[in-house]
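# Understanding the architecture of this molecule
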Amino acid sequence: MGVSVGIDLGTTFSAVAYINPKTKHPEIIPNGEGSRITPSVIQFLDGEMIFGSEAEEAMAAGEPDCVATFKREMGNDDPYCYIDGVPYTSEQLSGFLLRHLKEEAEAALGDTIKDAVITVPAYFYSREREATINAAKAAGLKVKKIIDEPNAAAMAYGLEHWRENARILVYDLGGGTFDITLVVMGKDGQLSTVATRGNHKLGGRDWDARIEDILLERFEADTGLDLHEDSEAYAIVRGLSEGVKKQLSAMSTMRVAASFPGFGKSTVPISRQEFESGTSDLLEQTGALCQAVLDEAGLSTKDVTDVLLVGGSTRMPQVPAYLQKMFGKRPIAHVNPDEAVALGAAIQSSKETETYTSLSVQVIDGKKKTDMGSVGLGVRTAVKPAKKLSGVGVMTLRETTAHAMGVVAINDEGDRYYNEIIIPANHPRPVRAAKRFRFYTHPRSDNELDLYVLQGDSENPVDCQIPHKYVVSGIRHVKRGEIAGTVIRVQYSYDANGVIHIQARQEDDTKDLPVRQEPVPESTYRFGRPVASGEVTDGVGFLQAGERRDVVHKYKAVNFSNAEWIRFDRITYHPSGAEFNEPSVHVVANDEKIEFHGYNVSAMDEGVTYTIDGNDDFDIECEINTSTIQPHPGGHLYISLGIISANLTQDGGSIFLDGACVKTVGPRFTLRMSLTDGGKYEVYVNDVLAGSKTVSAADSIDVVFGFTHESHCCSILSHAYISDIKMLQSSGGSDEDESSETDTWDD
Ligand code: ADP
Ligand code: MG
């Protein structure tokens, strides 16, 4: 039949638990040695792997090929270690450990494991969660769900001590990670996370390192040896530090003895007081994160009902002392900090998965935030007396996202990239949100779309995590009038495990487009720099010259690098077959200028066009110079700003509105078109109003700069240019439609 288990896959210790079918209570499953927790250490020995305390002892004795704390590099695809020249990633090592834990638990239970809930630090990013799932799969485990360690601990605690409306701050300081999470106990076993922060590179190991520094200094003073240069002696001191730290949790002073090769025995003193003052900055780092969580939830330290201690490092006496000072009450240590997480995971293993919630955000000071009212924190209700829940069956867990999810966007001025948040941090998960935007397809391109999803709150994309580069393919070419454009809907989701999923659909299709993951390119540093087109096209990386394929929302200032200008088709042959008639006109468009130059031109249409959506608020300004066009009948520079058009030769020409000439110009002049508030387009020639027209909001307007030649006779075009082109589009006309955020789809 198989058993569902909960697994705490810790940096330093791991534990497995299940719901005992007789007692209906969560229980730890002891490992093969009868221990309730297993050190997360592996030793590679003679082609085999040894796990747990045996491997830990081997490592402490300085034996080779021992690996530990690999969880710290979860999600990193670079090798964590090389054993006999073979590289192993953190994910692979975690897979080996999980297989071992599974086998030992199966032996203890005398049954197979059907599926497992595995815990991760709340602060794990999508990539780290994905790596955990992959490790479990490699270990032959079916993952029922990934839950956050503090939430699991809160469940184990809540089972025995439920107090409706209590706001519990779970302070989880383990061996390698720190998580701080605020949970609310709702009605009858409904546990909800409100806010969470953490630092997954901060834990007991950092306190060990400080002990190591103190001891190295003392031993060096006592022996006169340079221990920093002596790897064997250094390893001896390092091997002592964790044990010394643990002993200092129980005694205030102690003497540490060690034997060094070439010197003999040395004994040095160390006191808890020295240790505490040498590590106070580490505790303060945790305190700052506590404060950040309270700020996010809009609470003060007084509003916290209780602080729950989880993780082996909370056994250091300075931890509860520090928290008591901060919160004015003694933290609770009712749970076994080593076991609570696995027990909570076991409770969750008896649950079915929940359904998606819709996005619930509010904008505070211009920043998108989770609507706290919707997560049950709006009102501060009185805490009811503690009670024992009737059983694990009544408990439900609602988790939140530790990291906001956003996409790389360009600001209104068009000069800077920023993180446009789609799903704010601390939003209940699973959740999905969709956005739609226009994508300009091309008949001869593969029409793929790169998506840069971000995890993090920072405005600056460079300070955020990019889980993967997602590439949407299979977009069909859609031609709309003169311009090829289509609507792509992208759905961003956090699943119940906190893993990101990206889906895309074209127009109103009901089928998803293929989306593949690619490694994040090295060159994403450019998102931290001003938007500069020259830089983008000179081979920095993944932006193809002349092609915009990134999902960069909110095109505002339009220029030639962030709007798709469509080139007219060029004639590639001449009907006469004469070689000299091969057309060689070039249209060069960059941010400042469109240039036409060439010779021996016949029957051609060449130029660029841009379509302004009828709803867009738009201004365009340019200077035109036709003086170098060689006079030849039939050939002319053609300009159209939607409501007006002009055929221009070397001497200039006439400007028409609805077929009527409204202005004659010389070879050099300026043109400006803007949309008035009343929905009327006005055209100014050399700053004098030449004509105006009201167009319906539904009508789009084409801006065309081209060279045309209708007859078959030759024309010689030497040079014409349009310069100082400024096109400004106001925020009302962004290419993305905010209102569509709720337009999500299932599966
Ligand atoms: P993780 O979840 O990261 O595996 P644990 O919650 O199991 O970590 O905590 C392990 C950490 O707790 C280690 O750094 C260990 O040194 C520390 N630790 C365990 N017992 C004590 C103690 N009595 N005093 C101080 N630190 C302790
Ligand atoms: Mg832990």
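Anything mentioned here points back to the structure above.
Fair warning: this is a prediction, and the values are worked out from it, not measured in the lab.

This brings us to the overall build of the chain. What the chain contains, in helices and strands, is 11 helices and 45 strands. Out of the 747 residues belonging to the chain, those deemed buried represent 54%. If you take every contact in the chain between residues at least 6 apart in sequence, the share linking residues at least 24 apart comes to 68%. Of the roughly 31,200 Å² of accessible surface on the chain, a fraction of 48% belongs to carbon and sulfur atoms.

This part covers helix α1 (residues 52-60). If you check which residues of α1 are buried, you get Gly52, Ser53, Ala55 and Ala58. As for α1, its buried residues are in contact with β4 (38-39), β5 (41-45), β6 (48-51) and β7 (66-68). Phi for glycine 62, located one or two positions after α1, is positive at around 80 degrees.

As a further point, take the site of ligand 1. Neighbouring ligand 1 are 17 residues, the closest being Thr12, Gly175, Glu242, Lys245 and Ser249. The contact in question runs from an oxygen atom of ligand 1 to an N or O atom on the side chain of glutamate 242, over 2.5 Å. Serine 249 is positioned with one of its side-chain polar atoms (N or O) 2.6 Å from a nitrogen atom of ligand 1. At 3 residues, the largest contribution of residues to the shell around ligand 1 is made by helix α6 (residues 231-248). Considered class by class, the residues forming the shell around ligand 1 number 2 nonpolar, 11 polar and 4 charged.

Let's shift gears to the sheet that holds β5. Strand order in the open sheet formed by 3 strands is β6-β5-β7, with antiparallel pairing between adjacent strands. The strands lining the two open edges of the sheet, one partner per strand, are β6 and β7. Ignoring which end each strand starts from, the neighbouring axes of this sheet average 25 degrees apart. In this structure, β5 lies alongside β7, joined through 3 bridges in antiparallel fashion. Within β7, the residue paired with isoleucine 42 across the bridge is valine 67. Sheet strands touched by α1: β5, β6 and β7. Its angle to β5, the strand with the most contacts, is close to 75 degrees.

To continue, consider the side chain of asparagine 31. Looking at the element boundaries, asparagine 31 is found in the loop between β3 (26-28) and β4. Non-local contacts of asparagine 31, meaning those with residues more than four positions away in its chain, are made with Ile37, Thr38 and Glu104.

So, on to the nonpolar core. With 44 residues, the main nonpolar core has Leu169, Tyr171, Leu215, Phe219 and Ile270 as its most contacted residues. Per-element accounting of this core gives the leading share, 7 residues, to helix α8 (residues 280-297). Sequence-distant contacts of leucine 215, defined by excluding residues within four places in its chain, comprise Val237, Val244, Val256, Val268 and Ile270.

The rules we used
Residues numbered from 1 in each chain as written. Chains lettered and ligands numbered in written order. Predicted model: local features only at pLDDT ≥ 70, side-chain atom pairs only at ≥ 80, totals over all residues. Heavy atoms only, no water. Helix = DSSP H or I, 4+ residues; strand = E, 2+ residues; numbered from the N terminus. Buried < 20%, exposed > 50% of the residue type's maximum accessible area, 1.4 Å probe, protein only. Contact = heavy atoms within 4.5 Å. Areas by Shrake-Rupley, 256 points an atom, 1.4 Å probe, with all protein chains shown as cover. Near = heavy atom within 4 Å. Polar contact = N/O pair within 3.5 Å; in protein donor to acceptor, adjacent residues only side chain to side chain. Nonpolar A, V, L, I, M, F, W, Y, C, P; charged D, E, K, R; others polar. Pairing = 2+ DSSP bridges. Axes fitted to C-alpha atoms, helices over the stretch in contact; angles between N-to-C directions. Core = buried A, V, L, I, M, F, W, Y, C linked by side-chain atoms within 4.5 Å.

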